[in-house]
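Architecture and fold: a report
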Amino acid sequence: DSEVRDCSAGDNGGVVSAYGSGTVSIIGSTMTSCSAYNGGVVYAWYSGAVSISGSNVSGCSAGYNGGVVYASDGGAVSIIDSDVRDCSADNYDGGVVYAYHSESLSIA
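Report follows, based on the coordinates. (Residues numbered from 1 in each chain as written. Predicted model: local features only at pLDDT ≥ 70, side-chain atom pairs only at ≥ 80, totals over all residues. Heavy atoms only, no water.)

This brings us to the pattern of salt bridges. This model, assessed by the stated rule, comprises two salt bridges. Note that Arg5 is salt-bridged to Glu3, the shortest N-O span being 2.4 Å. Classification of Arg5 by relative accessible area gives partly exposed; the value is 47%. Between Arg85 and Asp83 there is a salt bridge whose closest N-O contact spans 3.0 Å. (Salt bridge = Lys/Arg side-chain N within 4 Å of Asp/Glu carboxyl O. Buried < 20%, exposed > 50% of the residue type's maximum accessible area, 1.4 Å probe, protein only.)

Here's what the structure looks like:
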């Protein structure tokens with residue numbers, strides 16, 4: 001179990017920025033008040049799947065797209081058995097997830 005608080009990036013991925021890489025998995029973690037221009041928690045471009053499971057995410061934001069996850073041209077995006085609250089994309093799309101040309105999207 002990991003806890004990540006008050007992280008930010010001026011551009012992409014407040015916690016993780018993955019470009020042309022493999023799977024991004026966040027498991028059993030707490031992320032609070034993380035922010036970036038795109039992808040308040042995860043920015044994945046031309047990458048594998050993005051999975052957030054058994055986690056708590058709150059107060060995360062993006063200045064543009066994907067308050068929690070920004071995924072483009074990659075694998076599946078899933079948020080499973082997680083508590084996500086008070087997240088936003090301030091100026092455009094996807095208060096929680098922005099997925100463009102991604103394999104699939106599931107929130108359960």
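On to the sheet that holds strand S2 (residues 16–19), then. A sheet is described by the order of its strands in space; here four strands give the open sequence S2-S6-S10-S14, paired in parallel fashion. Both edges of this open sheet fall to S2 and strand S14 (97–100), since each of them pairs with a single strand only. The average angle at which neighbouring strand axes cross in this sheet is 0 degrees, direction not considered. In the sheet, S2 pairs with strand S6 (residues 42–45) via four bridges, with the strands oriented parallel. The residue bridging Ser17 from the neighbouring strand is Tyr43, located in S6. (Pairing = 2+ DSSP bridges. Helix = DSSP H or I, 4+ residues; strand = E, 2+ residues; numbered from the N terminus. Axes fitted to C-alpha atoms, helices over the stretch in contact; angles between N-to-C directions.)

Looking now at the environment of Tyr46. Within the secondary structure, Tyr46 is located in the loop between S6 and strand S7 (50–53). Using a relative accessible area of 45% as the deciding quantity, one classes Tyr46 as partly exposed. Measuring from C-alpha to C-alpha, the distance between Tyr46 and Ala18 comes to 8.2 Å, with 28 residues separating the pair along the chain. Beyond its immediate sequence surroundings of up to four residues, Tyr46 is in contact with Tyr19, Gly20, Ser21, Ser72 and Asp73. (Contact = heavy atoms within 4.5 Å.)

Here we take up the packing of aromatic side chains. Under the definition given, this model contains seven aromatic pairs. Both rings, one in Tyr37 and one in Tyr64, keep their centres 5.4 Å apart while their planes meet at 10 degrees; by these two values the pair is stacked. One end of the pair, Tyr37, is in strand S5 (residues 35–38); the other, Tyr64, is in strand S9 (residues 61–65), and 27 residues separate them in sequence. Look at Tyr37 and you get partly exposed, because its relative accessible area is 38%. (Phe/Tyr/Trp six-rings, centres within 6.5 Å; stacked < 30°, edge-to-face > 60°.)

Moving on, we come to the state of the cysteines. Evaluation of the coordinates by the stated rule reveals zero disulfides. Cys34 forms no disulfide, and the closest cysteine sulfur to it belongs to Cys60, at a distance of 4.5 Å. (Disulfide = S-S within 2.5 Å.)

Moving on, we get to the environment of Met31. In this fold, Met31 is placed in strand S4 (residues 30–32). Sequence separation of Met31 and Ser2 is 29 residues, and the distance between their C-alpha atoms is 8.4 Å. Leaving out residues up to four positions away in the same chain, Met31 has contacts with Val4, Ile26, Val41, Ser55, Asn56, Val57, Ser58 and Cys60.

This part takes up the environment of Tyr92. As for its placement among the helices and strands, Tyr92 is situated in the loop between strand S13 (88–89) and S14. In this structure the C-alpha to C-alpha distance between Tyr92 and Val42, which are 50 residues apart in sequence, comes to 17 Å. For Tyr92, the residues in contact, after removing those within four places along its chain, are Tyr64 and Asn65.

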